[in-house]
Amino acid sequence: MSFPILPLLLPVPSKRRSGLKIGQMRFLVAHDTGNEGSTARQNVSYYARTAQEDSASAHLFVDDTEILECIPALTGPPEKAWHVRYDQPQDNARFGDDANDCAIGVELCYGPTINADNAYTRYVWVLAELCRRFNLKANQIAGHFQLDPGRRTDPVNALSKTGRSFEGLIQDVHLVLSPSTTLPVPLPLIVTTSLRL
């Protein structure tokens, strides 16, 4: 099983996308949008419209129909995104560096208009694909709630709405990465397009 990854890249340079490259990839950060009912396309469109106004960003947005990449992670050399505050020490304590400098941020879209099972399947798949690509293990995925515990609850917020947990997410990514899995290990299908939101 594989899913297409559609690059709809934000303008560079902008506040949301500096164009700076990530050096060594150390881990991944699992997020949710915190914006119930918004799709991947709606989130990327908002980021594009406000690229010069705000710096918060993420690499990939996942919903029930699309995986959109707005800052290169899988479709080109990975660039930095601003998805975890620099003043939080948990990423340094656990992984030896700031998330923005050495991790890819993946946002899960959720809500009543989004098929939770389909979105979750794509979310697990893209996290596993990132682990494969950068030689990471499932336990090298941090939840945003772990890195900024005083302010953030994602992706637990979205996962809990469908009876899922963060621990279950990590287990599911581990299962997809397991060598005993009989499914072929697919490469992502990358669709090239110009930014049309």
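Because the structure is predicted, anything quoted here is derived from the model rather than measured.

## A closer look at helix H4 (residues 116-133)
End to end, H4 covers 25 Å across 18 residues, agreeing with the expected 26 Å (1.5 Å per residue, within 8%). Taken together, the buried positions of H4 are occupied by Ala 119, Tyr 120, Arg 122, Tyr 123, Val 124, Trp 125, Val 126, Leu 127, Ala 128, Glu 129, Leu 130 and Cys 131. Its side-chain oxygen at 3.1 Å from the backbone nitrogen of Asp 117, Asn 115 defines the N-terminal cap of H4. Just beyond H4, the residue with positive phi is Asn 135, at close to 55°.

## Details of the nonpolar core
If you look at the biggest cluster of nonpolar residues, it comprises 49 residues, and the most contacted ones within it are Leu 60, Ile 104, Val 106, Val 126, Leu 130, Leu 169 and Val 173. At 10 residues, H4 tops the list of elements feeding residues into this core. Ignoring anything within four residues of it in the chain, the contact list for Ile 104 reads Ile 22, Met 25, Phe 27, Leu 28, Val 29, His 59, Leu 60, Ala 73, His 83, Leu 130 and Phe 134. Listed in part, the nine residues of the second largest apolar core include Phe 95, Cys 102, Ala 142 and Leu 147.

## Concerning the packing of aromatic side chains
By the definition in use, this model includes six aromatic pairs. When the centroid spacing of 3.8 Å and the interplanar angle of 10° are considered together, the rings of Phe 27 and Phe 95 count as stacked. In this pair, Phe 27 sits in strand S2 (residues 27-32) while Phe 95 sits in helix H2 (residues 90-95), placing the two residues 68 residues apart along the sequence. With respect to class, Phe 27 is no different from Phe 95; both count as buried. Both rings, one in Tyr 46 and one in Tyr 47, keep their centres 6.4 Å apart while their planes meet at 55°; by these two values the pair is tilted. Looking at Tyr 47, the relative accessible area reads 10%, which means it is buried.

## Here we look at the layout of surface pockets
If you add up the space inside the largest pocket, you get close to 510 Å³. Mapped onto the lining of the largest pocket, the elements with two or more residues apiece are S2 and helix H1 (40-49). Counting residues per element, the lining of the largest pocket draws most heavily on H1, at four residues. For the lining of the largest pocket, a count of residues per class yields six nonpolar, 13 polar and eight charged.

## What to know about the confidence of the model for the chain
Per-chain confidence: the chain averages 92 in pLDDT, with 91% of residues scoring 70 or above. Low confidence marks residues 182-197, where pLDDT is under 50. Its contacts with residues over four positions away, or in another chain, come to 38 contacts.

## Description of helix H7 (residues 166-177)
The terminal C-alpha atoms of H7, which comprises 12 residues, lie 17 Å apart, in line with the 16 Å expected from a rise of 1.5 Å per residue. Of all the residues in H7, the buried ones are Phe 166, Gly 168, Leu 169, Ile 170 and Val 173. Packing partners of the buried residues in H7 comprise S2, H4, strand S6 (141-143), helix H5 (144-147) and helix H6 (156-160).

Scoring rules and cut-offs
- Residues numbered from 1 in each chain as written.
- Predicted model: local features only at pLDDT ≥ 70, side-chain atom pairs only at ≥ 80, totals over all residues.
- Heavy atoms only, no water.
- Helix = DSSP H or I, 4+ residues; strand = E, 2+ residues; numbered from the N terminus.
- Expected span 1.5 Å × (residues − 1).
- Buried < 20%, exposed > 50% of the residue type's maximum accessible area, 1.4 Å probe, protein only.
- Polar contact = N/O pair within 3.5 Å; in protein donor to acceptor, adjacent residues only side chain to side chain.
- Core = buried A, V, L, I, M, F, W, Y, C linked by side-chain atoms within 4.5 Å.
- Contact = heavy atoms within 4.5 Å.
- Phe/Tyr/Trp six-rings, centres within 6.5 Å; stacked < 30°, edge-to-face > 60°.
- 1 Å grid on protein atoms, 1.4 Å probe; cavity = no way out; pocket = protein on both sides within 12 Å on 5 of 7 lines; lining within 4 Å.
- Points joined across faces, edges and corners; volume = space filled by probe spheres on them.
- Nonpolar A, V, L, I, M, F, W, Y, C, P; charged D, E, K, R; others polar.
- pLDDT = per-residue confidence, 0-100.

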